[in-house]
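Fold and contact review
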2 protein chains.
Amino acid sequence: MADHRLDDKQRELLDQLFDKWSLVVLDILCDGPRRFSAIQRAAGTITPKSLTQTLRRLERNGIVSRHVVATSPIAVEYGLTSLGRTLEKPMQGMLYWILRHLPEVSVQRCGFDDRARR
Amino acid sequence: MADHRLDDKQRELLDQLFDKWSLVVLDILCDGPRRFSAIQRAAGTITPKSLTQTLRRLERNGIVSRHVVATSPIAVEYGLTSLGRTLEKPMQGMLYWILRHLPEVSVQRCGFDDRARR
DNA sequence: CCGTATCCAGAATGATACTG
DNA sequence: CAGTATCATTCTGGATACGG
């Protein structure tokens, strides 16, 4: 494995998957389809503008689907596509790493900052 | 699984691991320790400033180690720490996803853009 | 060789207000 | 409800030049 090296196209996609909100939104959608406002609430502090942007990009990449339900008032459901679901496992791997190793990272940071102060 | 939701600290770490260059650099270091200029060459177009920034941050997070060899001229070797190596598998999972699914993503993009044009 | 310093353009993001 | 529009600000990263 690893005879690769990322080219520009691949780095672009990487950037889009790992921008400020994409992973957070994807993580939410892993639990099932959600409506715009539900995602916004779950994500914490994201503004509607940023959320729209994030969802559009994920939709464009074929990872998220957008379904309009013509009720009144209107409802829009976002969910993972089949392509999006293939991303679920590797993504959870990364998120799990964060959960598991953040404490150790915090320790390392303190050590680094102490050394830097001297 | 997945009773979590990322808090601010966790999102911060996520942002640092997935900034423009971190994954590229980590990917290079997976193959073994490398010197500053070797990383720069392998990464493609990164400027020394950005590379320094990326390496410092990874070092601060305890993921990358920096070792100065007092030859003349000076040499500096960067490598993964033991903590960094635990990140290798999940990271390769993501990179592999990119390699594997980029073609499909490209197709999806074209479809999306076509639909948008109308 | 391994960086740091400075400057700067453009992208990303937040705040806020408004619409179908 | 599900966004869009606009403005202000911050943040990122490239270009370039220089220093230990």
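A brief structural summary. (Residues numbered from 1 in each chain as written. Chains lettered and ligands numbered in written order. Predicted model: local features only at pLDDT ≥ 70, side-chain atom pairs only at ≥ 80, totals over all residues. Heavy atoms only, no water.)

1. Concerning the protein's contact with DNA strand C
Stated precisely, the cut-off is as follows: Any residue with a heavy atom lying within 4 Å of a molecule or strand is counted as near it. Any pair of N or O atoms that falls within 3.5 Å is considered a polar contact. Within protein, one atom must be able to donate a hydrogen and the other to accept it, and sequence-neighbouring residues count only if both atoms are side-chain atoms. Starting at the N terminus, helices and strands are each numbered in turn, a helix being any DSSP run of H or I of at least four residues and a strand any DSSP run of E of at least two.
A:Lys49, B:Ser37, B:Thr52, B:Arg66 and B:Tyr78 are the nearest of the 16 residues found near DNA strand C. Atoms of DNA strand C within 4 Å of the protein: sugar and phosphate make up 71%, bases the balance. At 3.2 Å from a phosphate oxygen of DNA strand C is found a side-chain nitrogen or oxygen belonging to A:Ser50. Elements with a contribution of two residues or more to the surface near DNA strand C: α4 (48-60) of chain A together with α3 (36-43), α4 (48-60) and β3 (75-80) of chain B.

2. Some details on the protein's contact with DNA strand D
Neighbouring DNA strand D are 18 residues; A:Ser37, A:Arg66, A:Tyr78, B:Lys20 and B:Lys49 lie closest to it. A breakdown of the atoms of DNA strand D within 4 Å of the protein gives sugar and phosphate a share of 68%. Measuring from a phosphate oxygen of DNA strand D, one finds a side-chain N or O atom of A:Arg56 at 3.3 Å. In this structure, B:Lys20 approaches DNA strand D through a main-chain N or O atom, which is 3.4 Å from a phosphate oxygen. When contributions to the surface near DNA strand D are tallied by element, the ones reaching two or more residues are α3 (36-43), α4 and β3 (75-80) of chain A together with α4 of chain B. When residues of the surface near DNA strand D are assigned to their parent elements, the largest contribution, 4 residues, is made by α4(A).

3. Re the environment of B:Arg85
Residue and element names in this part refer to chain B. Short version of the rule: Partly exposed describes any residue whose relative accessible area lies between the buried limit of under 20% and the exposed limit of over 50%, with all areas from a 1.4 Å probe on protein chains only and scaled to the type maximum.
Looking at where Arg-85 falls in the secondary structure, it is placed in helix α5 (residues 82-86). A residue is classified by how much of its surface remains accessible, and Arg-85, at 49% relative accessible area, is partly exposed. Between the C-alpha atoms of Arg-85 and Arg-117, which are 32 residues apart in sequence, the distance is 45 Å.

4. Considerations on the packing of helix α6 (residues 88-117) of chain A against helix α6 (residues 88-117) of chain B
For clarity, the cut-off: With axes taken as lines fitted to C-alpha atoms, and helix axes fitted only over the stretch in contact, angles between N-to-C directions fall between 0 and 180 degrees. Oblique is the label for any angle not covered by the other classes, which are roughly parallel (under 35 degrees), roughly antiparallel (over 145) and roughly perpendicular (65 to 115). By definition, any crossing whose near helix is turned counterclockwise from its far helix by less than a right angle is left-handed, and any crossing with a clockwise turn is right-handed. Should any heavy atoms of two residues lie within 4.5 Å, those residues are considered in contact.
The geometry of α6(A) relative to α6(B) is characterised by a closest axis approach of 8 Å and an angle of 150° between their N-to-C directions. Classified by the interaxial angle, the pair formed by α6(A) and α6(B) is roughly antiparallel. In the crossing of α6(A) with α6(B), the sense of the turn from one axis to the other is left-handed. Where α6(A) approaches α6(B), its residues A:Pro90, A:Met91, A:Gly93, A:Met94 and A:Trp97 are matched on the opposing element by B:Pro90, B:Met91, B:Gly93, B:Met94 and B:Trp97.

5. A short note on the pattern of salt bridges
Put simply, the rule reads: By definition, a salt bridge exists where a carboxyl oxygen of Asp or Glu is found within 4 Å of a side-chain nitrogen of Lys or Arg.
Tallied over the entire structure, the rule returns 8 salt bridges over all chains. For the salt bridge of B:Glu12 with A:Arg109, the shortest nitrogen-to-oxygen distance reads 3.7 Å. Of this pair, B:Glu12 sits in helix α1 (residues 8-17) while A:Arg109 sits in helix α6, placing the two residues on different chains. Taking the relative accessible area as the measure of exposure, A:Arg109 reaches 8% and is therefore buried.

Everything listed is a geometric property; what it means functionally is a separate question.
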